[in-house]
Structure formats: C-alpha cells, structure tokens
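Summary of structural features
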Number of protein chains: 2
Amino acid sequence: MAIITPSRRVRRTPFSPGVEAAGVGGYTVYNHMLLPTFFENVEADAEHLKKHVQVWDVACERQVEIKGPDALRLMKLLSPRDMDRMQADQCYYVPVVDHNGGMLNDPVAVKLADDHYWLSVADGDLWQFALGIAIALDMDVEVGEPDVSPLAVQGPKAEELMARVFGDSVREIKFFRYKRLPFEDRSFVVARSGWSKQGGFEIYVDDSDYGMPLWEELLAVGRDLNVRAGCPNSIERIESGLLSFGSDMRRENTPYECGLGRFCNSPDEFIGKAALADQKLNGPPQQIRPIVIEGEIAPCTDVWTLIANGNHVGQVTSAMFSPQFGVNVAIGMVKRSHWAPGTRTEVMTDHGMRWAVVQEKFWR
Amino acid sequence: MAIITPSRRVRRTPFSPGVEAAGVGGYTVYNHMLLPTFFENVEADAEHLKKHVQVWDVACERQVEIKGPDALRLMKLLSPRDMDRMQADQCYYVPVVDHNGGMLNDPVAVKLADDHYWLSVADGDLWQFALGIAIALDMDVEVGEPDVSPLAVQGPKAEELMARVFGDSVREIKFFRYKRLPFEDRSFVVARSGWSKQGGFEIYVDDSDYGMPLWEELLAVGRDLNVRAGCPNSIERIESGLLSFGSDMRRENTPYECGLGRFCNSPDEFIGKAALADQKLNGPPQQIRPIVIEGEIAPCTDVWTLIANGNHVGQVTSAMFSPQFGVNVAIGMVKRSHWAPGTRTEVMTDHGMRWAVVQEKFWR
C-alpha cells in the first residue's frame, strides 16, 4: 500500500501531534484534512472501542458556519427538516439535497443562536453550495469555515472520562443535545453524539490552541480507564449501520433511499421538496439494507454489484469481517424487488462471487 | 509515514490499474480521488520529466459540467475573465472568486459549445458553488460532474508521443487550444496544456472504459522515447511557478495577490467584481513571489512564516531542494514592504530559522 504525501493542502489538525505520538497507522483524507483510519489494526481498535474509551481526532468534520440576520432563512432552504422545532441546545441530523432531491451531504446542524448555526459536515464542500445560494439571493449572512475542530470521546467509559475533565454535568446531556462546558479559561460546545454506537461525546474545540492541551488532559486523566487514541472504526460503524457519505450514499441517492425519510418533515419550501414528494408518498425504488456476505472476503473498497437471475439488483459499498458477530457485515443499496429480509442474491466481490443475504436489522 | 486507506469515498480512477502496475510510491487525495505523488522518487521523477515524456493520471482534475440555455449566463457570473472573447476551441484559466473577491478555485474552462462548458477544477467542490447559484436563480442549466478523466502527457518528447497515437495534427494545436482527435471508435478533446512547463497535452477522456486502453497505447508506442508513468512533480512545479490551490492560495487570497490579475478583465457583472475594484486599481497588499531559502531544509508541508525585524512579512507554503538549480526553490506570499527582488528575510522552517531571498522570476 502506498504512503500519503504531506502538503499544506491536505491539512493537519490541532490534534495531529497527539495522533502521531500515538502511532497512527493509516489515514484517509476528509474535507481536505487528515483523518486517522487505524492505530493498532481495525479489529483490535474495534474491540478496544467496545470495552473502554477512545479519543478521536475528527477535526475533519469541518463546520459550515451560517451566521447573520438571514441565517434561519438560509437554513430553511437547506434543511428538509423542520427548523422551527429545533431547540436552543439541539443538534439536528440534516440530509441536505439538491433541486432533484439528490443528497449533497448529511451534516449535523448545531444551533448556537437564532441567527447562528454550524453544520458539521461529511466529506464535501457543502459551504460552497450554501455560499452560492447566499450570494445569488443577496442574503445578509456569512458562510465560512471557522476554527472549530471536533474531538470525539467514544466508548462505554466515555461518560466517566468526560466527567473527570468537564464535570458531572456532562452526565445530564441528552442524546443530540449539548451544553457549553468550561475547559481552562474557555468553554466549548459538548454534545452527546459521535460516529459510533458505543456512546460518547463530541467536543467542538473552537480554538486550535486548545487542541493539544485538551487531548493530553483526556489521555492523562483516563489512564485507569484504559483510554487510547482511536478513530472512526470501519467494522463498528458497519455493524451499527452508520452510513458514510461518498461511500454508501451520493448525489444520485435521495434521503428516502438512505433510510433518512423521517428527517424530511419541513413545512417550509426547502430545496428539493417538490422532487421528493413522490418518494415521500410511495417510497423509494431502492434502499439501504444490512447485508451478510458468506464466505471469505477482503474489505470492500469500491462497488460490489448484487446480482439475481443475471440482473443487477443493487450494490454493496462497505463490507468487512466482524470478529464479534462472526460474519461479514455489509451495507448495500438494494432494489425493492430484493430488499426483503432473508432475500439471497449473489455479490461480485474482488475475489469472486459470494452469497449475500439481506438482514432484518443492523447489528446494533 | 502512514499509509493511505482505500475506500469508495476516496475514488480510484480509470487509470489506477496502470498507476499501480507502474509502482506508484505515494498518493495525495484531490477532489475525493487518488492522485499519485511520486513513482521512483520526486528528484528522479523530475529529472526524467525534463528529458523524456511521462503519462500522468490527473483524473482528479474533475470537470464541472455547465450545460444548457443558461450556461453562458452562469459562466459570466462565475468568471472574472471576459467570456465573450473565448474562442470555440479555447481553454481559459479562470480564477473563480466569492463576493469578497476571495478565491474559490482556479479552474481551466473548456468551451465545448456556446451552451456547454467544462471547468477543470483544482481541489475543491466548485460544482457546489455553481449549483447553489443555478438553483437560487432558477437557471435553465445542468451542473454536474460527468465521466471525464484527464490524462496528461508531459515532457519534451510529448508531442512526438502524442503524434504517434493521435496523428500529426496534434502538432498544430496551440497553447491552451484544443482539437477533438480520434482514438479507437471515439474522439477526445486534446488540449495543449498541463501542470508542468516541460510542454505537453491533456486528453479529456470522457468515457472511463477507454482509460486503460489509452494508457497502455501511450506506454507501448513510446518505449523508444523512454516514456514512463509520472505525476505532477512538486520540484518542477515550484521551479515553474505553478501555484497549488489549497497550498499557495486560498479563499483568503484575491487573484491579484496570486499574480492572476490579468485574468480579471470581464466587462460583465461577475461575482466579486466590486470587491476587486480597489486591488485592480491600486494593487494588492501582498503577492506571490519566488523565493530561495538558504541552508538545509526538509520539504515545506505547511506554513513557514517570513519574519523581518520581528514582524510577520509573509509566508512560504511550498519549498523543496532543486537538484537542477542547486538551491531550495520556494513559493511565498510576501507583503508589499518586502516583495522587491533581492529582499532578505528570515523564514521559520520546521528545522529552525533560515535566510529567505525574494527572486526576480521563477526558474522557468
């Protein structure tokens, strides 16, 4: 496997010195920024994550800042979700779509004030879309990328570790809610969220200078909790059914195809609303499904076609062996004719045809 | 150095099998796609490029397709350059800016028809900006990313190699002009362009299935020309003064700061025009300059501050040792007070302070 070449364009993060000191093994690039992919190895990292607690450099979840008198007006155009119901301390998962209902990104929106939002984006320059709209409509709003670098603390011992650094009030934070909690002479947005289903928090560090002090504090006070540097884990996230924008869904997919229809409830005229009306009523022609692949496979790094009776009936875009469940867990986009649980199809992997079986549910 | 982890999100290209067979040594990620960074090593690759001919997988120069009745109207909003002067077979270097004059990208526009353009973009989802504007203004235009993967043929023997595959008419193509030339049962846009100053062409392969056949044909018929797989070379491009968007210039910079003021000549009301008026008249407060750094350095992979009398007077964002010129060649953004050729400042490199000297010209 080839190395990744450093340059200013592929940005380091405020936590990079910590990531390197912890012996990062691999990277991907996400929003023009380094994102670690494993430390020991993906299997061992997953096992540790499920038992203990990890600190993740997810600074690459860059924020699109939308601020100013027209902020809510712009958010309502961008969001298929009803923004008027959003509480002051709430985080909203928002699938943003184009005029045809095709997904552009699946950010988590954080409401800081009525005229101030962050969109914590998946890989893609969604700020360019928001900026294009704001400029074209001459809106009184700033669209930019502020100095905010999320740090995730994930795993069953995450709450205990966070309480030692931010105090016991972290325990009161509900899922997808946040509090502003003090660290040194600052306070940060701390949300109960993160890209695993092991429980945990994301800290929106809105000043790079506090990145390494916070990283070091978390690792120092959690030694007896067996805290480690970690990163989003490709086995755990497939087991949990957490979709990766760019891999499992793209602009050619609607939120309904991705199982995100429940987030399209806005009464306002958001972009793509008319195009989504038919799928809202009748459902999509294909949809994301958990899949088990039988036999031996290498991890899926591109597209594996699902075939039944010689016809293309879908595709797998993420697949790995799960030591915990003893099967190859996978995420696929499957046509309606073949999406019922228990349906068997063939799947064309990198190493030949295998059997694929649609599952009832993801593994957690 | 860490490895790069494969996934569908970090896309392979139609030429990836050829790149891998040629023993690629490193990658970067550019427009969510793999871009090779070296084969033998950067120094040896540079020497070969300057003597022979190389075939480069630059599929990551993705095209933003703008097509439809309102295509020219949208292009005029996006382009600071006078689109009415653009000839039918022309390529235009177009620095696209926001409403404040800040650079969003520096694509090469290719005019396919009066209602059909490609923007061959640097790293960044400029299509999202174009799409946002088109949707907000309800334009009758499609904005998308078609199946077009540029393949570059660069080096002093490029014309000879290209003539063997596409015929002698390639020799008549002028700089930044193109012809449609046949390959097998198709024809491709072939432009005299590319991200080196060794001469050469870019072939816009608008059907992935023809990628590897073309790659293999070029390598097969050029054996006696010592053709090799190559890639944009970080030494050669610094010597040549070719700027990297994301490294040497960003949204905080105007085209005037980047020495691209001559491309801002549109009589139309493009986005950012008013904001650029002052710099058009009075010049920018800082500008890109060639710089020599004295002493030993490692390649610059982030920002090195230029300091004079204790003050920040600019920054270096690309620097490498040039075996050909026997000096460390660098690209910097330097304040007006210190940008005159011959000016000496200090520069804070990763390995301590060095002397930096502003040069009259880039090295070619």
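As a reminder, the structure under discussion sits directly above these lines.
Now for a look at the structure at hand. (Residues numbered from 1 in each chain as written. Chains lettered and ligands numbered in written order. Predicted model: local features only at pLDDT ≥ 70, side-chain atom pairs only at ≥ 80, totals over all residues. Heavy atoms only, no water.)

Our next topic: the interface of chain B and chain A. Opposite the 52 residues of chain B that make contact, chain A presents 52 residues. Here chain B meets chain A over a buried area of about 4600 Å², counting both sides, of which 57% is carbon and sulfur. Summed over the three residues of chain B that lose the most area to chain A, namely I3, R8 and R9 of chain B, the buried surface amounts to 20% of that side. Across the contact surface, chain B and chain A share four salt bridges. Here R9 of chain B and D123 of chain A are joined by a salt bridge, their closest N and O atoms 3.0 Å apart. Counting residues per element, the ones that place at least two in the side of chain B that touches chain A are β1 (3–4), β2 (26–30), β3 (33–38), α4 (126–136), β11 (142–144) and β19 (311–322) of chain B. Of all the elements, α4 of chain B adds the most residues to the side of chain B that touches chain A, at nine residues. Within the side of chain B that touches chain A, the residues separate by chemical class into 23 nonpolar, 18 polar and eleven charged. Relative to β2 of chain B, strand β1 (residues 3–4) of chain A runs parallel, the two being bridged by two bridges. Each residue of the ladder has a partner; that of I3 of chain A, found in β2 of chain B, is G26 of chain B. (Contact = heavy atoms within 4.5 Å. Buried area = accessible area lost by both parts, 1.4 Å probe. Salt bridge = Lys/Arg side-chain N within 4 Å of Asp/Glu carboxyl O. Helix = DSSP H or I, 4+ residues; strand = E, 2+ residues; numbered from the N terminus. Nonpolar A, V, L, I, M, F, W, Y, C, P; charged D, E, K, R; others polar. Pairing = 2+ DSSP bridges.)

Residue and element names in this part refer to chain B. A large share of strand β20 (residues 327–335) lies buried, amounting to seven of its nine residues. Of the pairings in the sheet, the one linking β19 to β20 comprises eight bridges and is antiparallel in character. Within β20, the position partnered with M320 by the bridge is V329. Counting the residues that bridge the hairpin from β19 to β20 gives four residues, and of these G326 lies at a positive phi of roughly 70 degrees. (Buried < 20%, exposed > 50% of the residue type's maximum accessible area, 1.4 Å probe, protein only.)

Mapping chain B onto chain A is achieved by rotating through 180 degrees and translating by 0.0 Å along the same axis, at an RMSD of 0.0 Å. The superposition of one copy onto the other is thereby described by a two-fold rotation axis. Looking at the interface residues of chain B, 100% of them are also at the interface in chain A, so both copies use one shared face. (Least-squares fit on C-alpha atoms with pLDDT ≥ 70 in both.)

For helix α5 (residues 158–166) of chain B, the set of buried residues is A158, L161, M162, A163, V165 and F166 of chain B. Residue G167 of chain B follows α5 of chain B closely and has a positive phi angle near 90 degrees.

Okay, α4 of chain B next. All names here are of chain B. Where burial is concerned, most of α4 is hidden: ten out of the eleven residues are buried. Those residues of α4 not exposed but buried are L126, W127, Q128, F129, A130, L131, G132, I133, A134 and I135. Two residues or fewer after α4 comes D138, characterised by a positive phi angle close to 55 degrees.

Residue and element names in this part refer to chain B. Counted under the stated rule, the structure contains zero disulfides over all chains. With no disulfide of its own, C258 lies 9.7 Å from the sulfur of C264, the closest cysteine sulfur. Owing to a relative accessible area of 5%, C258 belongs among the buried residues under this scheme. (Disulfide = S-S within 2.5 Å.)

Running from amino to carboxyl end, helix α4 (residues 126–136) of chain A crosses α4 of chain B at an angle of 30 degrees, the nearest separation of the two axes being 7 Å. In terms of orientation, α4 of chain A and α4 of chain B fall into the roughly parallel class. The handedness of the crossing between α4 of chain A and α4 of chain B comes out as right-handed. Residues L126, Q128, F129, L131, G132, I133, I135 and A136 of chain A of α4 of chain A lie in contact with α4 of chain B, whose contacting residues are L126, Q128, F129, L131, G132, I133, I135 and A136 of chain B. Partitioned by chemical class, the residues of the contact of α4 of chain A with α4 of chain B number twelve nonpolar, four polar and no charged. (Axes fitted to C-alpha atoms, helices over the stretch in contact; angles between N-to-C directions. Parallel < 35°, antiparallel > 145°, perpendicular 65-115°, else oblique. Left-handed = near helix turned anticlockwise from the far one by under 90°.)

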